[in-house]
Amino acid sequence: MSEQQTGQQTEQQRQAERAEVLAQARLAKDVAPRLAVLPTPAKDAVLRDAAAALVQRAPEILEANARDLADGRANGLAESVLDRLALDESRIEGIAGGLRQVAGLQDPVGEVLTGRTLPNGIQMRKVRVPLGVMGMVYEARPNVTVDAFGLALKSGNAALLRGSKTARHSNAALVAVLQDVLAAHGVPREAVQLLPCDSHDSVQDLITARGLVDVVIPRGSARLIEAVVTGATVPTIETGTGNCHFYIDASADMGKAIAMLINGKTRRVSVCNATETVLIDAALPDEDKRAVIAALQEAGVEVHGDVDRHAAFGADVTPATEADFAEEYLSMDIASAVVDGVDGAIAHIARYSSGHTEAIAAQDADALRRFADAVDAAAVVLNASTAFTDGEQYGMGAEIGISTQKLHARGPMALPELTTTKWVLQGSGQVRQ
């Protein structure tokens, strides 16, 4: 085949993929009005039956997941990515539990937020309504496939899911289960659709489908999020990366502080609420500073920091570069810096934070207040692990992601954040003079 013929074939494939994405978007747009008025009991019944079906059909889901894991290992995927990709029976049960939890939550659609009666007798009310067609772009997290479906359905939205190539078999198996349950309940299968993932072009097709897609939410690496946000012509809600800091003040209870730090770092390193930087108050005794580093290293964490600054109190660390302090490691690594009290911690966080979650361990009330007031992040945590920034922990059920932007939604994005509002005015024949 000549080079010209190869180019023509590639362009034909490209156009065919674009046509497929737009066709799926049109189907989603067509069914969105039906989903918007679906009664709450009907939505909840689908969610509960979908949860049961996922558990019942776990063997076929795990078989598909095993194919993805085998392909991932063959392609040299990092262990942190393989961990996010991997499913087992307990994880499937956890995903199903998320759907059950969403089924038990209050339906935001139709909620009246405010209202009043005008002097001319017109009654006004502001109500929550679905966004419409919600696009999701995400990486090797099969759980997001189900979480996005559950939250989209409960909030009356159609979901267009563009998962990664590394999870193609897992995502396909999960969506097949969900679509079968939808069909069994007489709800359009197109309420959730999986988009092609063979090339990045399908992402671009999704995020530029103005008039068909109402919002796109990227969830994944900083590179993925940046590509979606800068390339989209469809409105986006940015779910940011998690360069989360944990500051240990001189007033902290050291036993509790170290326990919170280790939990935030090692509980699950591949998630966005994992602690990625520890900030140590210079006023702490040297033995306490050493204890922080030693506890991390004993837990298997590699500590990156200023070698001389750490050697001054007897700790041996890996030399850190400037980039290390802005890193979302998602691995058994952490950056460490010695700072001058709470003001030094606030300044460091302001420089390097991704705006996700920032935490402090302190017993001094003034230090806690200053940290809470001055730190700019979606979540500020006082005397607890960073691991608590999570929609389920907040009582929201499954989440679509942690928004680090400041418009429309910030923090864990659950049902209310997947709606917009409209004004409904009811009169009795009034005309404007």
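Residues numbered from 1 in each chain as written. Predicted model: local features only at pLDDT ≥ 70, side-chain atom pairs only at ≥ 80, totals over all residues. Heavy atoms only, no water.

- By the naming in an unreviewed UniProt entry, the chain goes by Gamma-glutamyl phosphate reductase and is assigned to Corynebacterium ureicelerivorans.
- On record in UniProt, under Function (unreviewed entry), the comment for the chain is "Catalyzes the NADPH-dependent reduction of L-glutamate 5-phosphate into L-glutamate 5-semialdehyde and phosphate. The product spontaneously undergoes cyclization to form 1-pyrroline-5-carboxylate." (UniProt positions renumbered as here; feature names shortened; annotations may be inferred.)

### Some details on the side chain of Lys265
Here's step 1: Secondary-structure assignment places Lys265 in helix H10 (residues 254–266).
Here's step 2: Discounting chain neighbours no more than four positions away, the residues touching Lys265 are Thr275, Glu276, Leu296, Val301, Ser331, Asp333 and Ile334. (Helix = DSSP H or I, 4+ residues; strand = E, 2+ residues; numbered from the N terminus. Contact = heavy atoms within 4.5 Å.)

### As for the packing of aromatic side chains
Here's step 1: The full count for this structure, using the stated rule, is two aromatic pairs.
Here's step 2: For the ring pair Phe325 and Tyr352, a centre distance of 5.8 Å and an interplane angle of 45° mean the geometry is tilted. Here Phe325, found in the loop between strand E10 (318–319) and strand E11 (333–339), pairs with Tyr352, found in helix H13 (residues 341–352); they are 27 residues apart in sequence, far enough to count as distant.
Here's step 3: Taking relative accessible area as the criterion, Phe325 reaches 12% and is therefore assigned buried. (Phe/Tyr/Trp six-rings, centres within 6.5 Å; stacked < 30°, edge-to-face > 60°. Buried < 20%, exposed > 50% of the residue type's maximum accessible area, 1.4 Å probe, protein only.)

### A short note on helix H9 (residues 222–231)
Here's step 1: Regarding H9, the residues found buried are Leu224, Ile225 and Val228. Seen end-on, H9 carries its buried residues on one side only, within an arc spanning 95°. The outward face of H9, more than 90 degrees from its buried face, is lined by the exposed residues Arg223 and Thr230. (Arc of directions from axis to C-beta.)

### Some remarks on the sheet that holds E10
Here's step 1: Read from one edge to the other, the open sheet built from seven strands follows the order E10-E9-E11-E8-E7-E12-E13, with strand pairing classed as parallel. Only two strands of the sheet have a single partner each, and these edge strands are E10 and strand E13 (379–382).
Here's step 2: Of the strands in this sheet, strand E7 (244–248), strand E8 (275–281), E11 and strand E12 (357–361) touch H10, which is tilted by about 170° from E7. (Pairing = 2+ DSSP bridges. Axes fitted to C-alpha atoms, helices over the stretch in contact; angles between N-to-C directions.)

### Brief notes about the environment of Asp253
Here's step 1: Looking at the secondary structure, you find Asp253 in the loop between E7 and H10.
Here's step 2: Among the residues examined, Asp253 registers a relative accessible area of 33% and is labelled partly exposed.
Here's step 3: Linking Asp253 and Ala362, residues 109 residues apart in sequence, is a C-alpha distance of 6.9 Å.
Here's step 4: Here Gly255 takes part through its backbone nitrogen, which lies 3.2 Å from a polar atom of the side chain of Asp253. (Polar contact = N/O pair within 3.5 Å; in protein donor to acceptor, adjacent residues only side chain to side chain.)

### Section: the domain arrangement of the chain
Here's step 1: Partitioning the chain into domains gives domain 1 (16–239 + 413–423) and domain 2 (244–394).
Here's step 2: Domain 1 puts six residues into the contact, and the matching count from domain 2 is six residues.
Here's step 3: A buried area of about 520 Å², summed over both sides, lies between domain 1 and domain 2, and 34% of it is on carbon and sulfur atoms.
Here's step 4: Considering only the side of domain 1, the residues that lose the most area to domain 2 are Arg84, Gln101 and Arg141, jointly responsible for 53% of the buried surface there.
Here's step 5: There are one salt bridge connecting domain 1 and domain 2.
Here's step 6: Arg268 is the partner of Asp83 in a salt bridge, and the nearest nitrogen-oxygen pair spans 3.4 Å.
Here's step 7: At the junction of domain 1 and domain 2, the tally comes to one residue pair in polar contact (both at pLDDT 80 or more).
Here's step 8: For the side of domain 1 that touches domain 2, the element with the highest residue contribution is helix H4 (residues 79–85), accounting for three residues.
Here's step 9: For the side of domain 1 that touches domain 2, a count of residues per class yields no nonpolar, two polar and four charged. (Domains from an automatic or database assignment. Buried area = accessible area lost by both parts, 1.4 Å probe. Salt bridge = Lys/Arg side-chain N within 4 Å of Asp/Glu carboxyl O. Nonpolar A, V, L, I, M, F, W, Y, C, P; charged D, E, K, R; others polar.)

### Examining H13
Here's step 1: Between its terminal C-alpha atoms H13 stretches 17 Å, which fits the 16 Å expected from twelve residues at 1.5 Å a residue.
Here's step 2: Among the residues of H13, those classed as buried are Gly341, Val342, Gly344, Ala345, Ile346, His348, Ile349 and Tyr352.
Here's step 3: Among the structural elements, E7, E8, E11, E12 and helix H14 (365–374) are those in contact with the buried residues of H13. (Expected span 1.5 Å × (residues − 1).)

### Here's the deal with the sheet that holds strand E3 (residues 133–138)
Within a sheet, adjacent strands bond to each other through the backbone by hydrogen bonds, running parallel or antiparallel.
Here's step 1: Ordered by their spatial adjacency, four strands build an open sheet running E5-E4-E3-E6, and the pairing between neighbours is parallel. Both edges of this open sheet fall to strand E5 (192–194) and strand E6 (215–219), since each of them pairs with a single strand only. Taking the axes of each pair of neighbouring strands and ignoring which way they run, one obtains an average angle of 20° across the sheet.
Here's step 2: Examined bridge by bridge, strand E4 (residues 158–162) and E5 share three bridges and lie parallel to one another. Pairing of Leu161 across the sheet is with Leu194, part of E5.
Here's step 3: Sheet strands in contact with helix H6 (residues 142–154) are E3, E4, E5 and E6, and its direction is about 165° off that of E3.
Here's step 4: Most of the contacts of H9 go to E6, to which it runs at about 160°, and overall it touches E3 and E6.

### Focus on the side chain of Arg84
Here's step 1: Tracing the backbone shows Arg84 in helix H4.
Here's step 2: It is Glu139 that comes nearest to the buried, bridge-free Arg84 among opposite-charge side chains, at 4.9 Å.
Here's step 3: The residues touching Arg84, leaving out its near neighbours within four places in the chain, are Ala140, Arg141, Pro142, Arg268, Ser270 and Leu330. (Lys, Arg positive; Asp, Glu negative; His and termini not counted.)

### Observations regarding the pairing of E12
Here's step 1: The buried count for E12 comes to five of five residues, which makes it a mostly enclosed element.
Here's step 2: Side chains Thr357, Ala359 and Ala361 project from E12 onto one buried face, and the interleaved Glu358 and Ile360 project onto a second face that is buried too.
Here's step 3: Here E7 runs beside E12; their pairing, made up of four bridges, is parallel. From the neighbouring strand, Phe246 faces E12, where its bridge partner is Ala359.
Here's step 4: Bridging between E12 and E13 involves four bridges; their strand directions are parallel. Within the sheet, the bridge partner assigned to Thr357 lies in E13 and is Ala379.

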